[in-house]
Amino acid sequence: MSKYAQLVSDKLRENIEEYIGVNQLQAGDKLPSERSLAQMFQANRITLRRALQQMAGEGQIYSIPGQGTYVACEKFCENADGSISFSSSWNQAGHRVSSKLIHFAVADSNLKTSQLLGVPLGSRVYELRRIRLIDDIPISIETSYLLEEMCPGLNRFDFRRSRGLYQTLKEEYGIEIVQQQQNIRATKLREEEADLLCSDPGASAFYVSAVGIAKDGKSIERSLSVTRADRYAISYHVKINPVKNTGSIQPG
């Protein structure tokens, strides 16, 4: 796509977003037809279709073949600068958080888990896999790995509903995870994941691998999550610290 075509497509997206806002369209409301939108914004149909496809890919709208294009549901937007606990952050935001337990057992750590937790290969770890829900909507599949010797008896706790893992670690074991190192990339839902999240195979998703670190600097938890991109978004606040002029001259 040429730079000019991209600029035109971006402008069309802004026009459509403004139309949705000005007309106070809600989730499930139908947009005008492509022909009507093209006439409204004096746009080329091909360029308009490209703008609509980009909006659909980001989960802003969706299409039903033979029926039309509709406004998608509003996304849950995570503030990555806030709480690192899924349960705490969304409960504080006034939402209802719950979990469905898929798997909880003790296993031998694989190479990657051993490296990230700084333990020998084959160390005994808890493997906790859950579906995370916000307001009863399945949002994410999350798998956590924790060293068994650091939190013995963890499997006696019921993580099937609203009990939070981080809260349990803090209250029962005195382990407080205060930071996470995250790696986020785009992925597509596999068939099994789509079934668990009530979505479609191949739908866009976030794949997040993270390490939870305690106050003393120890790596406590390795976690992997697959999150629906049509219902979830992640925002960051970036602050650039100004460079101070020390008055000295550095060698060139």
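Refer to the structure above for everything that follows.
Residues numbered from 1 in each chain as written. Predicted model: local features only at pLDDT ≥ 70, side-chain atom pairs only at ≥ 80, totals over all residues. Heavy atoms only, no water.

Caption draft 1: Representation of the pairing of strand β1 (residues 61–64). Judged from the 4 bridges that link them, β1 and strand β2 (residues 68–71) form a sheet pairing that is antiparallel. Looking across to β2, one finds that Y62 is bridged to Y70. Connecting the antiparallel pair β1 and β2 is a turn made up of 3 residues, with G66 showing a positive phi of about 85 degrees. (Pairing = 2+ DSSP bridges. Helix = DSSP H or I, 4+ residues; strand = E, 2+ residues; numbered from the N terminus.)

Caption draft 2: The packing of aromatic side chains, seen in detail. Within this structure, the stated rule accounts for 3 aromatic pairs. Judged by centre distance (5.6 Å) and plane angle (20 degrees), the ring pair of Y62 and Y70 falls under stacked. Seen in terms of ring centroids, F104 and F159 are 5.8 Å apart; in terms of plane orientation they differ by 75 degrees. Their pairing is edge-to-face. Remark: F159 occurs in the loop between β6 (137–147) and α6 (165–173) and F104 occurs in strand β4 (residues 97–108); sequence separation between them is 55 residues. F159 carries the same exposure label as F104, and that label is buried. Put simply, the rings of F104, Y126 and F159 touch in pairs and so form one group of aromatic residues. (Phe/Tyr/Trp six-rings, centres within 6.5 Å; stacked < 30°, edge-to-face > 60°. Buried < 20%, exposed > 50% of the residue type's maximum accessible area, 1.4 Å probe, protein only.)

Caption draft 3: Local environment of the sheet that holds strand β9 (residues 219–228). Spatial ordering of the open sheet is given by β4-β5-β6-β9-β8-β7, a layout of 6 strands whose pairing is antiparallel. Edge positions in the open sheet fall to β4 and β7 (177–188), since each of these has one partner strand only. When the angles between neighbouring strand axes are averaged without regard to direction, this sheet yields 15 degrees. (Axes fitted to C-alpha atoms, helices over the stretch in contact; angles between N-to-C directions.)

Caption draft 4: Focus on the nonpolar core. Judged by nonpolar contacts, the single largest core of 16 residues is most densely connected at L154, L165 and L169. Among the elements that line this core, the one with the most residues is α6, at 4 residues. When sequence neighbours within four positions are dropped, the list of residues in contact with L169 reads L146, C151, L154, G174, I175, I177 and I220. By size, the runner-up hydrophobic cluster in this structure holds 14 residues, among which are L37, A38, I61 and V71. (Core = buried A, V, L, I, M, F, W, Y, C linked by side-chain atoms within 4.5 Å. Contact = heavy atoms within 4.5 Å.)

Caption draft 5: Local environment of the pattern of salt bridges. Enumeration over the complete set of coordinates arrives at 12 salt bridges. Taking the shortest distance from any N to any O, the salt bridge between R228 and D230 comes out at 3.0 Å. The class of R228 is buried, set by a relative accessible area of 8%. For D230, a relative accessible area of 28% corresponds to the partly exposed category. Through salt bridges with shared partners, a single ionic network connects E34, R45 and R49. (Salt bridge = Lys/Arg side-chain N within 4 Å of Asp/Glu carboxyl O.)

Caption draft 6: Fine view of unusual backbone geometry. Although it is not a glycine, Q24 adopts a positive phi angle of roughly 50 degrees. Along the chain, Q24 falls in the loop between α1 (3–22) and α2 (34–41). In the Ramachandran plot, C198 falls in the positive-phi region, its phi being about 55 degrees despite a non-glycine side chain. Here C198 shows up in the loop between α7 (191–196) and β8 (204–214). Residue C198 is classed as exposed on the basis of its relative accessible area, which comes to 58%.

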